[in-house]
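Chain by chain, the residues:
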Amino acid sequence: MVVAELFAAFPFAVVAIPDISVWAVIGMYVLLGGVYTIWRRRRQTDVIQPAANIHGLTDWQVVDEAEIQTGEESNDSPPDVTPIFFR
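For the structure given in this document, a descriptive report is provided here. (Residues numbered from 1 in each chain as written. Predicted model: local features only at pLDDT ≥ 70, side-chain atom pairs only at ≥ 80, totals over all residues. Heavy atoms only, no water.)

### Focus: the overall build of the chain
Link 1 in the chain: Along its length, the chain carries 2 helices and 0 strands.
Link 2 in the chain: Carbon together with sulfur atoms contributes 63% to the accessible area of the chain, which is approximately 9200 Å² in total. (Helix = DSSP H or I, 4+ residues; strand = E, 2+ residues; numbered from the N terminus. Areas by Shrake-Rupley, 256 points an atom, 1.4 Å probe, with all protein chains shown as cover.)

Next up, the structure:
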């Protein structure tokens, strides 16, 4: 109760805010959504473009794991070269 009495003594505690209409609330949410949409679209222009536009990556090919043949030998290093941590 002490806290409530303390904060009630402040002069801004008696400020009354008039009722806000439903249309004003809807308008505020529409405005907020519009600002957010504009912000997201501007932010997406800074994203890196597809790999085809990056120098040095144009010859890369994405291969699905299911298409890779499992019968081939791997290019792994021999055990004496591979650190113990990775064996």
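### With respect to the packing of aromatic side chains
Link 1 in the chain: Scanning all chains against the criterion turns up 1 aromatic pair.
Link 2 in the chain: Aromatic side chains Y36 and W39 sit 5.8 Å apart centroid to centroid with 35° between the ring planes, which places their arrangement in the tilted category. Of this pair, Y36 and W39 both sit in helix α2 (residues 22-44), 3 residues apart, which is roughly one turn of the helix.
Link 3 in the chain: Classification of Y36 by relative accessible area gives partly exposed; the value is 48%. (Phe/Tyr/Trp six-rings, centres within 6.5 Å; stacked < 30°, edge-to-face > 60°. Buried < 20%, exposed > 50% of the residue type's maximum accessible area, 1.4 Å probe, protein only.)

### Structural notes on a nonpolar patch on the surface
Link 1 in the chain: Where nonpolar side chains cluster on the molecular surface, the patch consists of V3, L6, F7, F10, F12, V15 and I17 and spans about 770 Å² of accessible area.
Link 2 in the chain: Among the structural elements, L6 can be located in helix α1 (residues 2-8). (Patch = residues over 30% accessible without salt bridge, like charges linked within 9 Å, V, L, I, M, F, W, Y side chains within 5 Å. Salt bridge = Lys/Arg side-chain N within 4 Å of Asp/Glu carboxyl O.)

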